[in-house]
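Here is how the chains run, residue by residue.
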Amino acid sequence: DEFKPLLAKMWHYAIDRKMYGPIPATDLKKLWDEKKIHDNTLVWQKSSPDNWKKIKRQLLLKKYLLAPRSEVLSESDDDAPPPPPAENLPNALSITEEARKTKEALQSKQPITRGGQQQEQNADGSSSSSSSS
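Each chain has its residues counted from 1, running along the sequence as written. Side-chain atom pairs in this predicted model are given and counted only at pLDDT of 80 or more, local residue features only at pLDDT of at least 70, and totals for whole chains, interfaces and linings cover all residues. Note that the side-chain values use all heavy atoms of the structure and ignore hydrogens as well as water.

A. Layout of the overall build of the chain. A helix here means a DSSP run of H or I that spans at least four residues, while a strand means a run of E at least two residues long, and both kinds are numbered starting from the N terminus. For the chain, the helix and strand inventory stands at five helices and seven strands. When the helices and strands of the chain are listed from N to C terminus, the series reads α-β-β-α-β-β-α-α-α-β-β-β. Here the term buried applies to any residue with accessible area under 20% of the maximum for its type, exposed to any over 50%, and partly exposed to those in between, with areas from a 1.4 Å probe on protein chains only. Per-residue burial over the chain gives 23% buried out of 133 residues. Contacts are assigned to residue pairs with any non-hydrogen atoms lying within 4.5 Å of each other. Within the chain, residue pairs in contact and separated by at least 24 positions form 40% of the contacts whose partners lie at least 6 positions apart. Using the Shrake-Rupley algorithm and a 1.4 Å probe, accessible areas are obtained, with residue cover drawn only from the displayed protein chains. In the form shown here, the chain has an accessible surface area of approximately 9,900 Å², with 52% of it arising from carbon and sulfur atoms.

Take a look at the structure:
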């Protein structure tokens, strides 16, 4: 909650006299973690009455950037839904099994069977289908 005021603002930053933004504080954190911005990078946000300031002079922002990623959450993370239940996801096992069968068939040069249809590999690498009964 300490960082909520920062997270509600959009920020601009400058590198080599070129301005970037507006971006959320979470993106500034990514840039900081990737070492693309540093203490002397100039930042600005609209509600600031001051001009551009170096990150090292924006104490709350600097604290946010230095905090471990696990300790800082964006506002959107607070409202994020949980992951969907597994029964609503595609059956990864059947997809993996299908891929395994296809790989084995290609390696053994046997026809590939999918959904009751036999697919044969042509010399040019394309496949043709024929219905099996």
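There's plenty left to go through after this.
B. Representation of a nonpolar patch on the surface in the model. Exposure above 30% relative accessible area and the lack of any salt bridge qualify a residue for a patch; like charges then connect within 9 Å, and the nonpolar side chains Val, Leu, Ile, Met, Phe, Trp and Tyr within 5 Å. Just to be clear on terms, a salt bridge is a Lys or Arg side-chain nitrogen sitting within 4 Å of an Asp or Glu carboxyl oxygen. On the surface, Met19, Leu42 and Trp52 cluster together to form a nonpolar patch covering roughly 270 Å² of accessible area. Relative to the elements of secondary structure, Leu42 occurs in strand 3 (residues 42-45).

C. Inspection of the side chain of Thr41 at higher detail. Within the secondary structure layout, Thr41 lies in the loop between helix 2 (25-33) and strand 3. Classification of Thr41 by relative accessible area gives buried; the value is 4%. A distance of 2.9 Å separates the side chain of Thr41 from the backbone nitrogen of His38, its partner in a polar contact. If near-sequence neighbours (up to four positions away) are discounted, Thr41 is found in contact with Tyr13, Ala14, Lys53, Lys54 and Ile55. Two N or O atoms form a polar contact when they lie within 3.5 Å of each other; inside protein one atom must be a possible hydrogen donor and the other a possible acceptor, and for residues adjacent in sequence the pair counts only when both atoms belong to side chains.

D. View of the nonpolar core. Only buried residues count toward a nonpolar core. Its members are Ala, Val, Leu, Ile, Met, Phe, Trp, Tyr and Cys residues joined through side-chain atoms within 4.5 Å. Leu28, Leu61 and Tyr64 are the most contacted members of the largest nonpolar core, which totals 17 residues. The set of elements that each furnish at least two residues to this core consists of helix 1 (4-7), strand 1 (10-15), helix 2 and helix 3 (59-66). With four residues, the top contributor of residues to this core is helix 2.

E. Quick look at the sheet that holds strand 1. What makes two strands pair is DSSP finding at least two bridges between them. Pairing is antiparallel across the open sheet formed by four strands, whose spatial order is 2-1-3-4. Among the strands making up the open sheet, the edge pair consists of strand 2 (18-24) and strand 4 (53-54). Relative to strand 4, strand 3 is paired through two bridges, and the arrangement is antiparallel. Across the sheet, Leu42 pairs through a bridge with Lys54, a residue of strand 4.

F. Inspection of the pattern of salt bridges at higher detail. By the definition in use, this model includes five salt bridges. One salt bridge connects Lys63 with Glu2, and the closest N-O pair in it is separated by 2.7 Å. Placement of the pair is Lys63 in helix 3 and Glu2 in the segment before helix 1, with a sequence separation of 61 residues. Overall, the relative accessible area of 41% leaves Glu2 in the partly exposed class. Residue Lys29 pairs with Asp33 through a salt bridge whose shortest N-O separation is 3.3 Å. Taken together, the residues span about one helical turn, with Lys29 and Asp33 both in helix 2 at a distance of four residues.

G. Region of the structure containing the packing of aromatic side chains. Note on ring pairs: Phe, Tyr and Trp rings are taken, using the six-membered ring of Trp, and paired if centres are within 6.5 Å. Classes follow the plane angle, with under 30 degrees stacked, over 60 edge-to-face and the rest tilted. The full count for this structure, using the stated rule, is three aromatic pairs. On the numbers, 5.1 Å between centres and 20° between planes, the contact of Tyr13 with Tyr20 is stacked.

H. Summary view of the pairing of strand 3. Going residue by residue along strand 3, you find Val43 and Gln45 tucked away on one face and Leu42 and Trp44 left uncovered on the opposite face. By the bridge criterion, four bridges tie strand 1 to strand 3 in an arrangement that is antiparallel. Across the sheet, the residue bridging to His12 is Trp44, located in strand 3.

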